[in-house]
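Structural features, examined
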Amino acid sequence: VEALHPPAEITDVLAGAAEPEEAFEPTTNPYARLLSAGDYQDDRGLLLLGSRGFKDLARRFKREGLHVLYDLPPVTAMESVIEAAAAVGNVLLVARSGHTRRADLKATTESLAARDIAVRAVLVTGVPERLLAGKPIFRTAPQPKPRRDRKKARPPVLVGDDLGIG
C-alpha cells in the first residue's frame, strides 16, 4: 500500500496534538488505512506506543471495523514497540536484505510468538535477483495471445424435411 503524503503520526495522536483521523495516511487502496509512527528518534515517542492510549486506539479501530496497517519502528527498538504489536494482535515483519541478519529475524519471531503475538508473514525486501532461487513467484501473468477467429458458427440451414413440411 503506497502512501501518498505524510500527515500527523500515531505519536501526535497519543500526545494529544492531533485527532486520529488526521493521522491516517492516504493510500491507493480505499479499504486500508495506514498509521505511521514517524520519526522515532525521541524515546518519548517510542514510549507512547506502549501506552494505554495506544491500546485504546487500536481497540477503537477494531471495534469500528477499520483495516489499519500500523507502520511501527523495529521491534528491537524498545519494549514499547512489542507492547504496541501485542495491542494490534497481528504482525507482518518486514526485513531488508543485507541489513537484517537471519538469526536476528528468527529471534524476533520467536520473541513475538512467546508473547502470543501472531506473526502472519515475514517479508524480506531488497533481495538481489541473483540470490533468488527459481522463477520469481510474484510476476504478473503474461497476457493471453489473441485467438484467431475460427469460422463463425452459422445457424443450421433448415430444409423442408426438417420443418415437417411436405
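A few points on the structure. Remember, predicted model here, so these are calculated numbers, not experimental data.

1. Here's the deal with the layout of surface pockets
Considering only enclosed or pocket space, the largest pocket measures out at about 1,200 Å³ in volume. As for the largest pocket, its lining consists of 36 residues, of which Tyr70, Asp71, Leu72, Leu92 and Val94 are closest to the centre. Mapped by element, the contributors of at least two residues to the lining of the largest pocket are β2 (33-36), α4 (52-63), β3 (68-71), α5 (79-88), β4 (90-96), α6 (102-114) and β5 (118-125). Take the lining of the largest pocket: its biggest share by element is seven residues, from β4. Here the residues of the lining of the largest pocket sort into 23 nonpolar, eight polar and five charged.

2. So, the pattern of salt bridges
Counted by the stated rule, this structure contains four salt bridges. With a shortest N-O distance of 3.0 Å, Glu64 and Arg60 are connected by a salt bridge. Residue classification places Arg60 among the partly exposed residues on the basis of a relative accessible area of 24%. Between Arg115 and Glu79 there is a salt bridge, with the nearest N and O atoms lying 2.4 Å from each other. In this pair, Arg115 sits in the loop between α6 and β5 while Glu79 sits in helix α5, placing the two residues 36 residues apart along the sequence. Look at Arg115 and you get partly exposed, because its relative accessible area is 39%. When its relative accessible area of 42% is taken as the criterion, Glu79 is described as partly exposed.

3. So, unusual backbone geometry
With a phi angle near 60°, Asp116 is a residue other than glycine that sits in the positive phi range. Here Asp116 shows up in the loop between α6 and β5.

4. Focus: the sheet that holds β3
One open sheet holds the three strands; their spatial order is β1-β2-β3, and the pairing between them is mixed. Bordering the open sheet on either side are β1 (24-25) and β3, each of which pairs with just one other strand. Pairing of β2 with β3, which is carried by four bridges, proceeds in the parallel orientation. Note that in β3 the partner of Leu35 across the bridge is Tyr70. Each of β1, β2 and β3 touches α4; the most contacted strand, β3, lies at about 155° to it.

5. Some points on the nonpolar core
One finds Leu35, Leu49, Phe54, Phe61 and Tyr70 to be the most contacted residues of the largest nonpolar core, which totals 29 residues. Sorting the residues of this core by element identifies α1 (10-14), α3 (43-49), α4, β3, α5, β4 and α6 as the ones contributing at least two each. The greatest single-element share of this core, amounting to six residues, is contributed by α5. The contact partners of Phe61, leaving out residues within four places of it in the chain, are Pro20, Phe24, Leu35, Leu66, Val68 and Tyr70.

6. Examining the pairing of β2
Bridging between β1 and β2 involves two bridges; their strand directions are antiparallel. Paired with Phe24 across the bridge in β2 is Leu35.

Rules behind the numbers
- Residues numbered from 1 in each chain as written.
- Predicted model: local features only at pLDDT ≥ 70, side-chain atom pairs only at ≥ 80, totals over all residues.
- Heavy atoms only, no water.
- 1 Å grid on protein atoms, 1.4 Å probe; cavity = no way out; pocket = protein on both sides within 12 Å on 5 of 7 lines; lining within 4 Å.
- Points joined across faces, edges and corners; volume = space filled by probe spheres on them.
- Helix = DSSP H or I, 4+ residues; strand = E, 2+ residues; numbered from the N terminus.
- Nonpolar A, V, L, I, M, F, W, Y, C, P; charged D, E, K, R; others polar.
- Salt bridge = Lys/Arg side-chain N within 4 Å of Asp/Glu carboxyl O.
- Buried < 20%, exposed > 50% of the residue type's maximum accessible area, 1.4 Å probe, protein only.
- Pairing = 2+ DSSP bridges.
- Contact = heavy atoms within 4.5 Å.
- Axes fitted to C-alpha atoms, helices over the stretch in contact; angles between N-to-C directions.
- Core = buried A, V, L, I, M, F, W, Y, C linked by side-chain atoms within 4.5 Å.

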